[in-house]
Protein chains: 2
Amino acid sequence: MVTIYDIAQKVGTTHATVSRALRNDQRISAKTRARIQAVAKRLNYRPNVLARGLSGGRTQALGVLWDFAPYMPSGEMARRIATDAQKRGVVPYIADTTRNIEVILGMLHEFANRGVDGVVVQISGSIEVNRELTESLRQFRAAMLVTREELDIEMDQVVHDRMRAVQQAADCFIQSGRTRPGMAIPLSTTAKKLSTFVEEVRHCGLDVPPEAILDIGTEEQVGRHCYELLRSRFPDGRVPFDSLFCSADEIAIAAISWLKTMRIRVPEDVAVIGFNDSEGGRFFDPPLASVDRKDQQVSEAIDRMIHQRLEHPDLPVRREVIEMEFVRRRSAG
Amino acid sequence: MVTIYDIAQKVGTTHATVSRALRNDQRISAKTRARIQAVAKRLNYRPNVLARGLSGGRTQALGVLWDFAPYMPSGEMARRIATDAQKRGVVPYIADTTRNIEVILGMLHEFANRGVDGVVVQISGSIEVNRELTESLRQFRAAMLVTREELDIEMDQVVHDRMRAVQQAADCFIQSGRTRPGMAIPLSTTAKKLSTFVEEVRHCGLDVPPEAILDIGTEEQVGRHCYELLRSRFPDGRVPFDSLFCSADEIAIAAISWLKTMRIRVPEDVAVIGFNDSEGGRFFDPPLASVDRKDQQVSEAIDRMIHQRLEHPDLPVRREVIEMEFVRRRSAG
DNA sequence: GTGAAAGCGCTAACAT
DNA sequence: ATGTTAGCGCTTTCAC
């Protein structure tokens, strides 16, 4: 392992000068700087991140705290963030929030302990951003929240907004004359998605009756779960809804599959909308209406904002809103 | 931030004793150990990973190098590894191999530099495990390869084997009397998957003619790509295959969708098999035959083996084979 | 513009 | 069984 001492010796100076030169400190004469950097490159020098972090420098590490619920394609987001970071020479630590504030605080402590330059925290479900959390976040050079709706907090935010898309989905049902909307959703964690839909429906003078709400649970295999639920709950095929809003395409596809076996036509008898706009849905019969999460735009925004914050610590706090997009297809009526 | 000095002072001893006591060094009397650990807990002490790593200790960090090809649900694997690690109090760094040996070597250097306790490297596509790579891997306390087939290397391996499943897929076509098998696959990276299929087909006296091979490319939206490819290549619906093996369910679903528009029946006229056994496929019409990757078993094996290696450095080298499983459904004929 | 020296929080060899 | 001391590789005052 090559150290700054090795370089100093080769160049005939001290490690302090090398340290400065390598970080392009303008006080070091351009000439020595160039010489030192050349030697560093020749020796294939790589700064020891542990030492650098320990003495207060940057670690080129990022802490990512994401909600890795198994019923969501959330791993793909982790991948996006990781590959974006890698392009900047940054390596991300990745951990699961488990939608638990205590876990989040613990991991932030852990990240701080590891000297990460910045953190990205997804605020999902019922996590409340309290004082303790913001305090904890402020210790980092850069901290970014990825939220579901704009939070009134002095902190960089990427708002991953589903509101408008969900409203459009509801309107779509209404416009095609549906009067008994239903939902298939993991109740415990999608309170927000649910309530936006319900609110919009109510706003149009309708309601989502309790018997038309299917709680899918939060495990893997949401599709199978939905199918079983429908089968056991409506053995005769008489369903209490004429439209069904699902929190994932897999759920929607399973539901449609069951409806077909019951000779219930989609969308004529029951309109169905999924979520996440997965590739499979587009080619389903009927093509599945869904919501495009715009994940790539979200990861780009995260990458850009974290990077800017690190480069310009004094920039004013920023919020960037990425709106998911309702994709109307035949299944929605 | 609480340090071992703080604890030492509180307990009335030196930092060295605290350091030992906290790592349960048996030379420290049970009594002092207990006292020190109690105080540490009370003060909510957390060892500084950077300092610990710098002086040669463990960092409870894991380096994960995975092939994050955008046309694969590989992010889900990252998530699995991350959540498994988290349960052990380990935090993973996650990076993309980009299927490039230079990148892998660079990242391993980076991981070493960060003092990770162990690394997990997925060997995919055409990566060759050469001497330089094995050398680099040996510097870690624990190093594990996740390979596609058993590699004759003295190193812990989880073999994620697709061979048998692909053979079964081929046999399935043959048994249902197909004579003109085709494939839809990203050619550049799935040489192996391809050749296993081709070999098995040949073994049965048939062949996969070049015109029956669709190169899907390696970008996102493989389904859409496949659809467009079929449409432009066979505008009249006359296809040179009576069965189609696809490297992802999305591709298979898109293909079936196109076949339907051409009034080609699945599986009667063309049998189709996908890959990854995604939830959507099961509920497709016809239900999509596919290959279950057994990802959970793979992540469990990785977690277990890495952990064991760290706890017992002298264990003999081990290999664990996880076989993917062919899932026969109606689309396969 | 550069060097000397202290210190980040920990581990471990060497004392006692 | 515990204390002393010397690093680990870097950043950062403080001198000159």
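(A) Structural context of the packing of aromatic side chains. All told, the structure shown has 14 aromatic pairs over all chains when counted by the stated rule. Pairing Y93 of chain A with Y93 of chain B gives two aromatic rings, centres 3.9 Å apart and planes at 20 degrees, and the pair type is stacked. A residue pair is termed interchain when its members come from two chains, as with Y93 of chain A in strand β2 (residues 91-96) and Y93 of chain B in strand β2 (residues 91-96). An angle of 75 degrees between the planes, with centres 6.3 Å apart, marks the rings of F245 of chain B and F275 of chain B as edge-to-face. Of this pair, F245 of chain B sits in strand β8 (residues 243-246) while F275 of chain B sits in the loop between β9 (271-273) and α12 (279-282), and the two are 30 residues apart along the sequence. Pair check on accessibility: F245 of chain B and F275 of chain B agree, each one buried. Every member of this aromatic cluster is reached through a ring pair, and the members are Y93 and F111 of chain A together with Y93 and F111 of chain B.

(B) Looking closely at the protein's contact with DNA strand C. For DNA strand C, the set of nearby residues contains 26 residues, the closest of which are T13 and T17 of chain A together with S19, R20 and Y45 of chain B. Between a phosphate oxygen of DNA strand C and a side-chain N or O atom of T32 of chain A, the distance comes to 3.1 Å. Between DNA strand C and Y45 of chain B there is a distance of 2.4 Å, counted from a phosphate oxygen to a side-chain nitrogen or oxygen. Among the secondary structure elements, those contributing two or more residues to the surface near DNA strand C are α2 (15-22) of chain A together with α1 (4-11), α2 (15-22) and α4 (49-54) of chain B. Residue composition of the surface near DNA strand C, grouped by class: 9 nonpolar, 12 polar and 5 charged.

(C) Broad picture of the layout of surface pockets. Residues and elements named next belong to chain A. For the second largest pocket, the calculated volume is near 500 Å³. As for the second largest pocket, its lining consists of 19 residues, and the residues nearest its centre are I4, Y45, P47, N48 and R52. Residue assignment for the lining of the second largest pocket shows that the elements contributing at least two residues are α1 (4-11), α2 and α4 (49-54). Looking at side-chain class alone, the lining of the second largest pocket contains 9 nonpolar, 6 polar and 4 charged residues.

(D) Here's a closer look at the environment of L50 of chain B. Along the chain, the position of L50 of chain B falls in helix α4. Overall, L50 of chain B belongs to the buried group, its relative accessible area being 5%. Apart from residues lying up to four places away in sequence, L50 of chain B is in contact with L50, G53, L54, N113, R114 and G115 of chain A.

(E) Spatial organisation of the nonpolar core. One finds V272 of chain A together with V272 of chain B to be the most contacted residues of the largest nonpolar core, which totals 66 residues. Secondary-structure elements contributing two or more residues to this core are α10 (222-233), β8 (243-246) and α11 (249-261) of chain A together with α10 (222-233), β8 and α11 (249-261) of chain B. Among all residues touching V272 of chain A, those that are not within four sequence positions of it are F173, L244, C246, A252, I256, L259, V266, L288, A289, S331 and A332 of chain A. Among the nonpolar cores identified, the runner-up in size contains 47 residues, and V91, L105 and M107 of chain A together with V116 of chain B belong to it.

What counts, and at which threshold
Residues numbered from 1 in each chain as written. Chains lettered and ligands numbered in written order. Predicted model: local features only at pLDDT ≥ 70, side-chain atom pairs only at ≥ 80, totals over all residues. Heavy atoms only, no water. Phe/Tyr/Trp six-rings, centres within 6.5 Å; stacked < 30°, edge-to-face > 60°. Helix = DSSP H or I, 4+ residues; strand = E, 2+ residues; numbered from the N terminus. Buried < 20%, exposed > 50% of the residue type's maximum accessible area, 1.4 Å probe, protein only. Near = heavy atom within 4 Å. Polar contact = N/O pair within 3.5 Å; in protein donor to acceptor, adjacent residues only side chain to side chain. Nonpolar A, V, L, I, M, F, W, Y, C, P; charged D, E, K, R; others polar. 1 Å grid on protein atoms, 1.4 Å probe; cavity = no way out; pocket = protein on both sides within 12 Å on 5 of 7 lines; lining within 4 Å. Points joined across faces, edges and corners; volume = space filled by probe spheres on them. Contact = heavy atoms within 4.5 Å. Core = buried A, V, L, I, M, F, W, Y, C linked by side-chain atoms within 4.5 Å.

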